Each structure stands twice: as structure tokens, then as C-alpha cells.
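Per-entry structural report
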Amino acid sequence: MQFQSTYGKPLLAARDSKCSARDAEAGALAMEALHKQVMPFLLRRTKDEVLSDLPEKIIQDRFCDLSPVQLKLYERFSGSHVRQEISSMVKSNESEVPQESSGSTKASSHIFQALQYLLKLCSHPLLVTGEKMSDSMKCILTELLPDSSDIISELHKLHHSPKLVALSEILEECGIGVDTLGSDGAVSCGQHRVLIFAQHKALLDIIERDLFHAHMKNVTYLRLDGSVEPEKRFDIVKAFNSDPTIDVLLLTTHVGGLGLNLTSADTLVFMEHDWNPMRDHQVV
């Protein structure tokens, strides 16, 4: 009861996005006091301290230009009233004193919806157009793809998403999906094993359909996202860790970023970064 009143209630109140400045300060003070109480009883060891035989972590950034279709959709968004509304909201928020109001909450929600649109657009055009495309969208893309009778089928082609092209290159560099037969005709294991993280399940669907099924049929993979029942997730992790013939594990950061022991993979690919950088850090 005393713990709840001293720490639980202030911390819970501070987590509310609509909390007052006083509640936020009380939550920060409660967190600091709780840390001082428990730190003498915690023993933390990092990988660098206990696993000196681990190789150095290599971080590579792959820069991808937008495809012509993505550029067209970006220009359409950039010239729309949505962008103008967002610009005016940002300017008004910068000039006004911060205060709690339904208007500011609505503005923030609107801005994050626009950022979410741009995040999806950078990953794949179909994430923003959808499989059932509006007539106005079809007219815009028909101007760009005049020789295509089926716009949706055309957008499923790999080159419309440079991120997918880069992913295929990374997998080939890892020896995955290139040649799975040894000289004796037996199936050989890939030199590397890869975890592929994304924010949206729809992007994992596209990777499965447009990359693995269409271009890299030799890739063996498992998938772990929010649609997998919690009691079955450990079985998928166990299967991946114990079976070296499985090349890839597809995951969403929300599900695969915390509490899973995925030590059998040596390569990690972020298709999309999380809004919270600590989630990505936890994955690594």
C-alpha cells in the first residue's frame, strides 16, 4: 500500500500523455527515488564485460533513393492541403505558449498521422495506396506508368521499392537465397542467418510475397508478429535457434524487440526504425 502511494500512483499518472506539469515532475521524482532504493541490489553485466570473445559489432547504413512512383506520391502529398495545415500548426505551436488543450492534442495527432504516411511511403508505395486504389490515385500513377494495364500488379515489382532491392542485395551478400545446393546435391546452410525487423505487418507481407516468393524462393524463413498467439511465440524462437537451415526470421519490432533470446542470428536488418530509439537499441 505504501509502495503504491509513494511510487505506483505518481509513475502511473506521469505516463498519461495528458498529465499536467506537476504530475510529470512528481513522476520523475518518484522514478529517481525508486532508482536510488533498488540500485544497490541490482548487478548489471554487459556483453563487453562477460563475452570478450564476441566479434566487434559492424553497423552499416544503406542509403536508398526514392523510386519514381514514391517521388510522385511524395510530390502529391507535398502539394496537398495536408502539408499546408501541418506547416501552419507547427508555426502556431512555436509561437504560442505550450498549454493543455484539445486543439493542441488534435494538431499533434494530425502531424503524427502525416509522419506515419511518409514513413510508409519511404518503405513501399503499396503501404499508402493500398490494394484497392482510388480512381484519382490510379490516374496519377497511370501518367507515370502508361504501359501498365494493371497498376497494382506493377507496384508489386521489386524496383518500385528501393528498400526491397537493398534487402535482396544484403541477403545475397550473406549467402542467402543464392545457392542452397552443395556439390553433393545436399542442402547446405547459409553462411549467415538474418533477423529482419519492420514496424508494419503489411511490409512483412510484401517482403514475403514480392521478394521471397517471387525472387528468392530458396530462402527458408519463419515469421513472428502480433498475429502470432503469445503462447506460440516461444516455439517459433526455439525453432529458429535450433534449426540452422532456417535462413531468416521476419519480425515486428513491437513483438520481437523485447524478451526474446535470438542468439543464433548474426545479421540484423531494420527495414523501418521505431519512433522510440530505445526499442531498436533493445533489439540490437
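Residues numbered from 1 in each chain as written. Predicted model: local features only at pLDDT ≥ 70, side-chain atom pairs only at ≥ 80, totals over all residues. Heavy atoms only, no water.

The protein appears in an unreviewed UniProt entry as Helicase C-terminal domain-containing protein from Cucumis sativus.

Scanning the protein from N- to C-terminus turns up 14 helices and 4 strands. For the protein, buried positions account for 35% of its 284 residues. Element-wise, carbon and sulfur atoms account for 55% of the exposed surface of the protein, whose accessible area totals about 18600 Å². (Helix = DSSP H or I, 4+ residues; strand = E, 2+ residues; numbered from the N terminus. Buried < 20%, exposed > 50% of the residue type's maximum accessible area, 1.4 Å probe, protein only. Areas by Shrake-Rupley, 256 points an atom, 1.4 Å probe, with all protein chains shown as cover.)

In this section: helix H10 (residues 162-173). With 12 residues, H10 extends 16 Å between its outermost C-alpha atoms, agreeing within 8% with the 16 Å of an ideal straight helix rising 1.5 Å per residue. Looking at the buried positions of H10, the neighbouring elements they touch are helix H4 (68-78), strand E1 (194-198), helix H11 (201-213), strand E3 (248-252) and strand E4 (267-270). Downstream of H10 by one or two residues, Gly175 has phi in the positive range, about 75 degrees. (Expected span 1.5 Å × (residues − 1). Contact = heavy atoms within 4.5 Å.)

This model, assessed by the stated rule, comprises 8 salt bridges. Between Arg223 and Glu208 there is a salt bridge, with the nearest N and O atoms lying 2.5 Å from each other. Of this pair, Arg223 sits in strand E2 (residues 221-224) while Glu208 sits in helix H11, and the two are 15 residues apart along the sequence. Summarising the burial analysis for this pair, Arg223 and Glu208 share the class buried. Taken together, the shared-partner salt bridges in this structure form one network comprising Asp205, Glu208, Arg223 and Asp225. (Salt bridge = Lys/Arg side-chain N within 4 Å of Asp/Glu carboxyl O.)

To continue, consider the sheet that holds E2. Across the sheet, 4 strands lie side by side as E2-E3-E1-E4; this open sheet has parallel pairing. Taken across any chain shown, the strands that pair with only one partner, and hence form the sheet edges, are E2 and E4. Strand-to-strand twist in this sheet, taken as the mean axis angle between neighbours without regard to direction, amounts to 20 degrees. Relative to E3, E1 is paired through 5 bridges, and the arrangement is parallel. (Pairing = 2+ DSSP bridges. Axes fitted to C-alpha atoms, helices over the stretch in contact; angles between N-to-C directions.)

For the rest of this paragraph, the subject is the environment of Thr267. Relative to the helices and strands, Thr267 is located in strand E4. Residues Thr267 and Leu195, 72 residues apart in the sequence, show an inter-C-alpha distance of 6.3 Å. Discounting chain neighbours no more than four positions away, the residues touching Thr267 are Cys174, His192, Arg193, Val194 and Leu195. Only 3.1 Å separates the side chain of Thr267 from the side chain of Asp266, close enough to count as a polar contact. (Polar contact = N/O pair within 3.5 Å; in protein donor to acceptor, adjacent residues only side chain to side chain.)

What follows concerns the nonpolar core. Counting residues in hydrophobic clusters, the biggest one holds 35 residues, and the most contacted among them are Leu171, Ile196, Ile207, Phe212, Val248 and Met271. The set of elements that each furnish at least two residues to this core consists of H4, helix H7 (126-129), helix H8 (135-144), helix H9 (151-155), H10, E1, H11 and E3. Residue contributions to this core peak at 6 residues, all from H11. Ranked by size, the runner-up nonpolar core spans 14 residues in total, among them Val237, Leu249, Leu251 and Ala265. (Core = buried A, V, L, I, M, F, W, Y, C linked by side-chain atoms within 4.5 Å.)

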